[in-house]
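Report on the structure
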Amino acid sequence: MEHYNMNLTLKVWRQKNKNDQGGFETIPAKNISSEMSFLEMFDVVNEGLISEGKEPIAFDHDCREGICGACSMHINGRAHGPWAGTTTCQLHMRAFKDGDTITVEPWRAGAFPVVKDLVVDRSAFDRIIEAGGYISINTGNAQDANNIPVDKHKADLAFAAAACIGCGACVAACKNSSAMLFVSAKVSQLALLPQGHPEKDSRALNMVAQMDKEGFGSCTNTGACEAECPKEISLTNIARLNRQFIGAGFSSEK
Amino acid sequence: MKWSQFFNTSIGKKLLVGATGLFLCSFVLVHLVGNLQLLKNDRGEAFNAYAAFMGHNGLIQFIAWGLKIVILLHAFVAIQLTFSNRAARPVKYAVNPGNQTSSWFSRQMAIMGSILFIFIVIHLAQFWAKFHYGDMPTQTYEGMAQPLKDLYAVTYDAFQHGWVVIIYVISMIALSFHLIHGFKSACQTFGLNHKKYNGLINFIGVWIFGIAIPIGFAIIPVFIFFQ
Ligand code: HEM
Ligand code: SF4
Ligand code: FES
């Protein structure tokens, strides 16, 4: 594809801290290469801001290769920008044209408070994991191959669910700020495999209880999460979580 | 988890909305089949006999009262969820994706549901309350010992007014939009999402409940108006 340079106008959410009201700031982004990633574009803009003695735009990032889930931002109304199945760090500037205005907002959810500018606190996800997103015994060393038979199809489903990087795009994209896609991916990844299966009931009950406590909304099956998930986690996981939650609710003795 | 806790979780509440919603879907189907007798050109014999049976059969009266509770429960829990879902995003986005990431129908459930709720109140006042507690004309048919309450005539009277017909047609559009997403959504809430059945669920939800049944209902007032 042809390489080109462009001048853009950014409308970026600026907010000093948790308690600040915040608001949009218009910042020009000059001479941006189509081959840069979205975050590299921000790096260039920030260099400029710093040299002018201004506060750079705070944004979260770590791996810059689409696996850590840190680079949360809502770009022109889309979680992680316009490309499907992509994180912001994997979004390239060739998604935009010379002269474009790009509006960048932080994830919006009561459970993800803004820390500064585009950085939000996603520790609500950590607390959901602490409520049951693990196997509570040490499963020991790797067994001999085929010692514990696992159906190939289930292994594939578990693997697909395990691709979730906890980025929060599902919450950001959902009109209800529901965390169901995230929770369902975590519940599914464990419940589908022999090591995670024994605790599936208590896990489903506890993780959902924590999800509600954190103030995430409920699922109305709009499918926006699946459409925006960079790892293309399937809605079938939410159906599985619902089944497990119903089953656990019926059989729990406490 | 106790049942009281279970039905207080987000999924528990969704299950209540889904279960009551599916019950309402089954009701809507039966109601349409009965009402289509209004289109028969028999001075209301079949329809009035059916109405008399429905109005006197103990089991049906029991279900009919249950239905009113189900409607209230559905509306109450659904609206409660709608408000808590709104509250889960205290600061809104400046730019929204619109139809790029979700269907328009799936985002209008509470609005369509509220239109339906108002419609149901009007509809019950107009026909159900009148049939049971109001002044009803009667009609005698050949071979019947007693005259029947003439709900058929009341219906034909009501739909002489253009504005009543318009309210009914708009409400059936709301029903259509509500069920295009509602039926599928309830299946997903109950965990039914499977390659083998999704095509069928989609067909039933969109074409049967979302389109055919609302059209079936809407035809009745329009047909009577143009009689
Ligand atoms: C004939 C009447 C009605 C029928 C057949 C019906 C059916 C349904 C169904 C099947 C669902 C999907 C449940 C799920 O997603 O789990 C639903 C959801 C819902 N209904 Fe109704 N409903 C009716 C009336 C109402 C009324 C009167 C209201 C409100 C005043 C209402 C408000 C809602 C809301 C807010 C939802 C949840 C939205 C969502 O899941 O996205 N409905 N309804
Ligand atoms: S389910 Fe997808 S969108 Fe949600 S946290 Fe996991 S990777 Fe991100
Ligand atoms: S920075 Fe790690 S996924 Fe984008």
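What counts as what
- Residues numbered from 1 in each chain as written.
- Chains lettered and ligands numbered in written order.
- Predicted model: local features only at pLDDT ≥ 70, side-chain atom pairs only at ≥ 80, totals over all residues.
- Heavy atoms only, no water.
- Near = heavy atom within 4 Å.
- Helix = DSSP H or I, 4+ residues; strand = E, 2+ residues; numbered from the N terminus.
- Nonpolar A, V, L, I, M, F, W, Y, C, P; charged D, E, K, R; others polar.
- Donors = N, O, S within 2.8 Å, 3.2 Å for Na, K, Ca; no water.
- Buried < 20%, exposed > 50% of the residue type's maximum accessible area, 1.4 Å probe, protein only.
- Pairing = 2+ DSSP bridges.
- Contact = heavy atoms within 4.5 Å.
- Axes fitted to C-alpha atoms, helices over the stretch in contact; angles between N-to-C directions.
- Disulfide = S-S within 2.5 Å.
- Domains from an automatic or database assignment.
- Buried area = accessible area lost by both parts, 1.4 Å probe.
- Salt bridge = Lys/Arg side-chain N within 4 Å of Asp/Glu carboxyl O.
- Polar contact = N/O pair within 3.5 Å; in protein donor to acceptor, adjacent residues only side chain to side chain.
- UniProt positions renumbered as here; feature names shortened; annotations may be inferred.
- Expected span 1.5 Å × (residues − 1).
- Bend = angle between axes of the 7 residues up to and from the residue.

**A few points about the site of ligand 2**
All names here are of chain A. Around ligand 2 sit 13 residues in total, of which Cys-164, Cys-167, Gly-168, Cys-170 and Cys-229 are the nearest. Residue assignment for the shell around ligand 2 shows that the elements contributing at least two residues are helix 4 (169-173) and helix 5 (180-191). For the shell around ligand 2, the class distribution of residues is eleven nonpolar, two polar and no charged.

**Here's the deal with the site of ligand 1**
Near ligand 1 there are 25 residues, and of these Lys-14, His-74, His-178, Ser-185 and Thr-189 of chain B occur at the shortest range. Neighbouring residues of ligand 1 are distributed over chains A and B. Of the residues belonging to the shell around ligand 1, the class tally is 13 nonpolar, eleven polar and one charged.

**Quick notes on the coordination of the iron atom of ligand 1**
With distances of 2.0 Å, the protein atoms coordinating the iron atom of ligand 1 are His-74 of chain B (NE2) and His-178 of chain B (NE2). His-74 of chain B sits in the buried class, given a relative accessible area of 15%.

**Re the sheet that holds strand 3 (residues 74-75) of chain A**
All names here are of chain A. Taken in spatial order, the five strands line up as 2-1-5-3-4 in an open sheet, and their pairing is mixed. With one partner strand each, in any of the chains shown, strand 2 (23-33) and strand 4 (78-79) form the two edges of the open sheet. Direction of pairing for strand 3 relative to strand 4: antiparallel, over a ladder of two bridges. Counterpart to Ile-75 in the pairing with strand 4 is Arg-78. Strands strand 1 (5-14), strand 2, strand 3 and strand 5 (101-105) of the sheet are contacted by helix 1 (residues 38-51), whose axis makes an angle of about 105° with strand 2.

**A short note on the state of the cysteines**
Residue and element names in this part refer to chain B. Evaluated as defined, the whole model comprises zero disulfides over all chains. Not part of a disulfide, Cys-187 finds its nearest cysteine sulfur in Cys-25, a span of 8.8 Å. On the basis of relative accessible area, Cys-187 is assigned to the buried category, the value being 8%.

**A look at the domain arrangement of chain A**
Residue and element names in this part refer to chain A. Taken domain by domain, chain A comprises domain 1 (5-115) and domain 2 (123-137 + 149-251). Measuring from the centre of the C-alpha atoms in domain 1 to the corresponding centre in domain 2 gives 28 Å. Across the interface of domain 1 and domain 2, roughly 1300 Å² is buried in total on both sides, 56% from carbon and sulfur atoms. In this structure, Glu-228 and Arg-78 form a salt bridge, with 2.9 Å as the shortest nitrogen-oxygen distance. The tally of links between domain 1 and domain 2 comes to four residue pairs in polar contact (both at pLDDT 80 or more). When the residues that make up the side of domain 1 that touches domain 2 are grouped by side-chain class, the tally is seven nonpolar, eight polar and two charged.

**Brief notes about the interface of chain B and chain A**
Interfaces are often sized by the accessible area lost when the parts come together. Counting from both sides, the interface comprises 35 residues of chain B and, opposite them, 48 residues of chain A. In total, chain B and chain A occlude about 3300 Å² of area from one another, counting both sides; carbon and sulfur atoms represent 57% of this. By the criterion of area lost to chain A, the three top residues of chain B are Met-1, Ile-11 and Tyr-93 of chain B, representing 21% of everything that side buries. Here chain B is connected to chain A by 23 residue pairs in polar contact (both at pLDDT 80 or more). Elements with a minimum of two residues in the side of chain B that touches chain A: helix 1 (3-6), helix 2 (10-35), helix 4 (58-87), helix 5 (104-107) and helix 8 (162-189) of chain B. Considering each element in turn, the side of chain B that touches chain A owes the most residues, five residues, to helix 2 of chain B. A per-class count over the side of chain B that touches chain A returns 14 nonpolar, 16 polar and five charged.

**Quick notes on the UniProt feature "transmembrane region" (unreviewed entry) in chain B**
Here the UniProt-annotated "transmembrane region" (unreviewed entry) positions come out as residues 59-83, 109-129, 158-180 and 200-226 of chain B. Segment residues 109-129 of chain B splits into 100% helix and 0% strand. End C-alpha atoms: 28 Å apart.

**Considerations on helix 8 of chain B**
All names here are of chain B. In this model, helix 8 (28 residues) spans 39 Å end to end at C-alpha, consistent with the 40 Å of a helix rising 1.5 Å per residue. Roughly 35° is the biggest bend found in helix 8, and it falls at Leu-179. Directly after helix 8, the chain includes Gly-191, whose backbone phi takes a positive value near 85°.

**Side note on the pairing of strand 1 of chain A**
Residues and elements named next belong to chain A. Where strand 1 lies against strand 2, nine bridges are found, and the strand directions are antiparallel. Among the inter-strand pairings, Met-6 is bridged to a residue of strand 2, identified as Ile-32. In the sheet, strand 1 pairs with strand 5 via four bridges, with the strands oriented parallel. Residue pairing for strand 5: Thr-9 is matched across the bridge by Thr-101.

**Some remarks on the side chain of Ser-106 of chain B**
Structurally, Ser-106 of chain B can be placed in helix 5. Polar contacts involving the side chain of Ser-106 of chain B include one to the main-chain carbonyl oxygen of Ser-103 of chain B, which spans 2.7 Å. Setting aside anything within four residues of it in sequence, one finds Ser-106 of chain B in contact with Lys-175 and Thr-222 of chain A together with His-181 of chain B.

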